[in-house]
Amino acid sequence: MRMLLKISWLNLWRNRQRSIVMIIAVMVGLWGGIFAASFMFGLLDQRFKSSIEQQVSHLQIHHPEFLKDYNVKYYIERFDELYKNLSEDDDVIAFSGRTKVNGMLRTATLTTGVNIMGINPEMEANTTSLNKNIVEGDYPDDSFRNPVLIGKSLADKVKAQIGSRIVLTFQDSERELAAASFRVSGIYQTAATGWDEMHVFVLQDELNELLGYEKIVNEVGILTDDHEKSDAFAERYKDRYPELEIRTWSEISPELAYMQEMASMMYVIILTIILMALAFGLLNTMLMAVIERIKELGMLMAIGMNKKRIFIMILLETTFLTLTGAFLGMIVGYFSVAFLGKNGIDLTAVGAESLSEYGFDPIIYPVLEPYVFVVITILVILTAVFTSIFPALKALRLKPAEAVQAE
Amino acid sequence: MKTVIETKDLTKIYNSSVAPVKAVNKVSLDFVEGEFTAIVGPSGSGKNTFLNLIGGLDKPTEGQVIIDDTDISGMKESKLFDFRLKNIGFVFQSYNLIPVLTAKENVSFIMLLQKESKAKMEKRAVEMLEQVGLSEKLNSRPGQLSGGQQQRVAVARALASKPKFVLADEPTANLDTESAFNLLDIMSRLNKEENITLIFSTHDQRVIDRARRVITLVDGAVSKDEKFESRK
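Residues numbered from 1 in each chain as written. Chains lettered and ligands numbered in written order. Predicted model: local features only at pLDDT ≥ 70, side-chain atom pairs only at ≥ 80, totals over all residues. Heavy atoms only, no water.

**Some thoughts on the overall build of chain B**
(1) Moving on: Summing up its helical and strand segments, chain B has seven helices and ten strands in all.
(2) Moving on: In chain B, buried positions account for 56% of the 232 residues.
(3) Moving on: Put simply, of all contacts in chain B between residues at least 6 apart along the chain, 68% involve residues at least 24 apart.
(4) Moving on: Only carbon and sulfur atoms are counted for the fraction: they give 45% of the accessible area of chain B, which is about 10,000 Å².
(5) Moving on: Seen as two clouds, the 33 positive and the 31 negative side-chain charges of chain B have centres 4 Å apart. (Helix = DSSP H or I, 4+ residues; strand = E, 2+ residues; numbered from the N terminus. Buried < 20%, exposed > 50% of the residue type's maximum accessible area, 1.4 Å probe, protein only. Contact = heavy atoms within 4.5 Å. Areas by Shrake-Rupley, 256 points an atom, 1.4 Å probe, with all protein chains shown as cover. Lys, Arg positive; Asp, Glu negative; His and termini not counted. Charge placed at Lys NZ, Arg CZ, Asp CG, Glu CD.)

**Focus on the overall build of chain A**
(1) Moving on: Looking only at helices and strands, one finds 16 helices and twelve strands in chain A.
(2) Moving on: Against the compact-globule benchmark of 22 Å for 407 residues, chain A has a radius of gyration of 31 Å, which places it well outside the compact range.
(3) Moving on: Along the three orthogonal principal directions, the C-alpha set of chain A runs to about 100 × 50 × 30 Å.
(4) Moving on: Residues counted as buried form 53% of the 407 residues belonging to chain A.
(5) Moving on: Partitioning the intrachain contacts of chain A with sequence separation of at least 6 by distance along the chain shows that 78% fall at a separation of at least 24.
(6) Moving on: Within chain A, one finds 37 positive and 49 negative side-chain charges whose respective centroids are separated by 15 Å. (Rg over C-alpha atoms; globule rule 2.2 N^0.38 Å.)

**Some words on the nonpolar core**
(1) Moving on: By size, the foremost hydrophobic cluster in this structure holds 139 residues, and its most contacted members are Phe 50 and Phe 109 of chain B.
(2) Moving on: It is helix α2 (residues 16-56) of chain A that provides the largest number of residues to this core, a total of 13 residues.
(3) Moving on: Beyond its immediate stretch of four places on either side in the chain, Phe 50 of chain B contacts Thr 7, Leu 10, Val 24, Val 27, Leu 29, Phe 31, Ile 39 and Leu 217 of chain B.
(4) Moving on: Val 72, Ile 116, Leu 154 and Val 200 of chain A belong to the second-largest nonpolar core, a separate cluster that totals 25 residues. (Core = buried A, V, L, I, M, F, W, Y, C linked by side-chain atoms within 4.5 Å.)

**So, the sheet that holds strand β9 (residues 213-218) of chain B**
Residue and element names in this part refer to chain B.
(1) Moving on: Strand order in the open sheet formed by six strands is β6-β7-β8-β3-β9-β10, with mixed pairing between adjacent strands. Of all strands in the sheet, those with a lone pairing partner are β6 (88-91) and β10 (221-227), marking the two edges. In this sheet, neighbouring strand axes are inclined to one another by 20 degrees on average, regardless of whether the strands run parallel or antiparallel.
(2) Moving on: As paired elements, strand β3 (residues 36-40) and strand β8 (residues 197-201) share four bridges and run parallel to each other. The partner of Thr 37 across the bridge, within β8, is Ile 199.
(3) Moving on: Its contacts with the sheet place helix α6 (residues 177-194) against β3 and β8, and it is angled at close to 145 degrees to β8. (Pairing = 2+ DSSP bridges. Axes fitted to C-alpha atoms, helices over the stretch in contact; angles between N-to-C directions.)

**Notes on the environment of Gly 55 of chain B**
All names here are of chain B.
(1) Moving on: Within the secondary structure layout, Gly 55 lies in the loop between α1 (47-54) and β4 (62-67).
(2) Moving on: Between the alpha carbons of Gly 55 and Lys 162 there is a distance of 15 Å; along the sequence they are 107 residues apart.
(3) Moving on: For Gly 55, the contacting residues outside a window of four places in its chain are Arg 84, Ile 88, Phe 90 and Leu 167.

**So, the layout of surface pockets**
Regions of empty space are outlined by a rolling probe, equal in size to a water molecule, passed over the atoms.
(1) Moving on: Counted as a void, the largest pocket has a volume near 440 Å³.
(2) Moving on: If you go around the largest pocket, you meet 16 residues; those closest to its centre are Arg 2 and Met 3 of chain A together with Leu 112, Lys 118 and Met 121 of chain B.
(3) Moving on: At the level of elements, α1 (2-12) of chain A together with α3 (103-113) and α4 (118-131) of chain B are the ones that each hand at least two residues to the lining of the largest pocket.
(4) Moving on: Tallied by class, residues from the lining of the largest pocket come to seven nonpolar, one polar and eight charged.
(5) Moving on: By volume, the second largest pocket is sized at about 350 Å³.
(6) Moving on: Phe 48, His 227, Glu 228, Trp 249 and Gln 260 of chain A are the residues nearest the centre of the second largest pocket, which is lined by 17 residues in total.
(7) Moving on: Of all the secondary-structure elements, those providing two or more residues to the lining of the second largest pocket are α2, α9 (230-240), α10 (249-252) and α11 (254-292) of chain A.
(8) Moving on: Considering every element that reaches the lining of the second largest pocket, the biggest residue donor is α2 of chain A, with five residues.
(9) Moving on: Three or more residues apiece are contributed to the lining of the second largest pocket by two domains, here domain 1 (2-52 + 256-403) and domain 2 (64-243) of chain A. (1 Å grid on protein atoms, 1.4 Å probe; cavity = no way out; pocket = protein on both sides within 12 Å on 5 of 7 lines; lining within 4 Å. Points joined across faces, edges and corners; volume = space filled by probe spheres on them. Nonpolar A, V, L, I, M, F, W, Y, C, P; charged D, E, K, R; others polar. Domains from an automatic or database assignment.)

All we've got here are geometric facts, nothing functional implied.
Dropping the structure here:
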């Protein structure tokens, strides 16, 4: 086997120019595949992270009726007990209890529908990145009454600034209309402009008071130490709180899970297409290599090198050719993704607004999962085996008596 | 003397269904151990086909090829590979060495296929290359050797596996006079000293003049079978 390995490797360099061209083709093809995959992973990874950190969290707990009717009267009754359990749970990094109500936001110029989120600023800051997304003003605190945090796209829409007064109108616990004046204390901006336009944040205690409750929580957002644990975590809490609706991120935003599955599938499809295109180049190279060596192959058969060894030799040559290119492609891919993963690819100039509308950040940081290299290696070896079959069969069909006489 | 090869009514017909050509026509011959035979004849006389048949590279349409009491005429292809590897040495007109391997590796290669140990393989390869006068070219690749030297490597390769006989197809055709004589000297010496059975297919008078047996084929049949025992 060592000699076969040596012959196969040396045979690769008999036509140096042709092999180098093919190796470069494989290298560039795989680099392109790796880059495209890492770009896609980066895009979706950011989308996933921003959705989890800014909106969804890993799990959400509600009164089951609240999800149907969105009425504040459907609040979590055993919240104090839930609070204690979540505080003591090692899997929980942070959680935030919110009061949620639909309402209208009115300024001197415009009225629009919004979701009013009553938050405990400290708990919310630990659970979501709301405090990090402030682009103007301050994160709400107790320094003045009725502060409100609004999204930048909403501020632009209603022409509000820091200090502007806005009126929020909503139904209270008695289904009576309640209205209160709030002052814009801060403006936040996330990657999702649609979300920003629809959500305003006020202090939970103040909202509860306006709603006519002393202390209610309609929604608990939970951040665990690993999103993979979400399902098990949900099952555990469903046993403890059968009266509550406990949903994981993949149930709340199925498109996130779908996008992740799609990304893995797309990546394999992209690589398969690239390798299929390269397979024809490889096939051509190996066919040429066989046709040029008919006499030599005839001699090898004549002196007793059996068909199995001839096949292995051609398979090894194709594998070496492909793996050399693949190895170089993976190295170039790794370093380019490492560089861009650190510095990012700024797409602001080519459509930041469009990306934001779909919840994507305009600066993409490509991400490369280690398993990508395993998948590439397997696919490359499969390609090599696949492309070596035809040239090998051509070699095996040779008749030694005729092949040794070939010109 | 022991018979190494026996052919019985050996016949090879090409294009049998359209226009049958009898390349070899009912040839019955015996080759004994240590013979130095030249198969001669005009182009198309069937020399190469006959050599291919007794070398197990082609299958006869009729008749038998018996090598050392084994009938190879109906042998399966997979077994023929193994049979050739263990019993027959080949020297080709255009050397047919593996260009990426050194002279020593080219000679070792056949023993590698026979699964010899590395030490034995190396020792035998060096011995054989010394015998053909190439002890200083062990690590040279074919591209670094002259035509005559490449053919001597091919002879060393053919003999390295200790075959029962060596088939040489026009081995001197591509060589200049000096290289041809040099090669023939080496092969004659090995034939006499090591009692190696040599069968040449040739047009070359220099080879014919050294052979102790000359078989002339015409239209696939034996026209003359002459022995020159006095030749040394």
